[in-house]
Amino acid sequence: MPETTFVPAEFEPTDRAAYAQWTTERVRFGDLDPLGHVNNNLFGVYFETARLGFFDATRLHEEANAGTAIGAPREATVVVRITIEFLAELGYPADLEIGTRLTGLGGSSFTYRQALFAGATCHALAETVSVLFDLGTRRPKPLSEAQRARLIAFS
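Values in this document were obtained by computation on a predicted structure and should not be read as measured data. (Residues numbered from 1 in each chain as written. Predicted model: local features only at pLDDT ≥ 70, side-chain atom pairs only at ≥ 80, totals over all residues. Heavy atoms only, no water.)

Draft legend 1. Broad picture of the environment of Ile84. By the secondary structure assignment, Ile84 is in strand β2 (residues 75-86). Through-space distance from the C-alpha of Ile84 to that of Leu125 is 5.7 Å; in sequence the pair is 41 residues apart. Excluding its chain neighbours within four sequence positions, the residues that come into contact with Ile84 are Phe43, Gly44, Phe47, Ala124, Leu125 and Ala126. (Helix = DSSP H or I, 4+ residues; strand = E, 2+ residues; numbered from the N terminus. Contact = heavy atoms within 4.5 Å.)

So, in structure tokens, the structure goes:
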């Protein structure tokens, strides 16, 4: 079966309008470091929360894990690369919005960009590559046509 073709559109990563899926998060007082701003490690946690929201929105594992017992899924996604670019200092308190959009699609992998905003300011960008992973074989597995189509809907 031929794979659905995906050609990513050009976009400005700091533009809120560029993102197809959104997740909210809050800066907690405990997220601050001794300098009084959010510790750089917490940005990865915020992006992780948004990544999981993106997977839920795309229903990425819907078919493979249907009917499985809680805690016994058949497939998952694993991060194989993530880069974070820090653009502005972030403090407490802050309500965050993290946008996510698909930017690349391979046979078993996909790439997505994320932008973290507090108000109108984009504080950080992330680019992540994830791979669809068969939990039985512990190996990558090809994305189905349905998964590809659902991911492309968020580009």
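We are not done yet, so read on.
Draft legend 2. Representation of the nonpolar core. Counting 15 residues, the largest nonpolar core has Tyr46, Leu90, Leu96 and Leu116 as the members making the most contacts within it. Listed by contribution, the elements that provide at least two residues to this core are α1 (40-58), β3 (94-105), β4 (109-118) and β5 (121-134). Of all the elements, α1 adds the most residues to this core, at five residues. Not counting the four nearest positions on each side in its chain, Leu96 is found in contact with Thr23, Thr24, Glu25, Val27, Tyr46, Leu90, Leu116, Phe117 and Ala118. Counting 12 residues, the second-largest nonpolar core is a separate cluster that includes Leu102, Leu105, Tyr112 and Leu143. (Core = buried A, V, L, I, M, F, W, Y, C linked by side-chain atoms within 4.5 Å. Buried < 20%, exposed > 50% of the residue type's maximum accessible area, 1.4 Å probe, protein only.)

Draft legend 3. Examining helix α3 (residues 145-152) more closely. Taken together, the buried positions of α3 are occupied by Gln147, Arg148, Arg150 and Leu151. Down the axis, α3 shows its buried residues gathered within 165° of arc, on one side only. (Arc of directions from axis to C-beta.)

Draft legend 4. A look at unusual backbone geometry. With omega at -5°, the peptide bond leading from Tyr92 into Pro93 counts as cis. Residue placement: Pro93 occurs in the loop between β2 and β3. The backbone of Arg59 sits at a positive phi, close to 55°, despite the residue not being glycine. Relative to the elements of secondary structure, Arg59 occurs in the loop between α1 and α2 (62-65). The phi torsion at Arg138 lies on the positive side, around 60°, for a residue other than glycine. In this fold, Arg138 is placed in the loop between β5 and β6 (139-140).

Draft legend 5. Structural context of the side chain of Thr23. The residue Thr23 is located in strand β1 (residues 21-27) in this model. Using a relative accessible area of 11% as the deciding quantity, one classes Thr23 as buried. Look past the residues within four positions of Thr23 in its chain and what remains in contact with it is Thr49, Ala50, Gly53, Leu96, Glu97 and Ile98.

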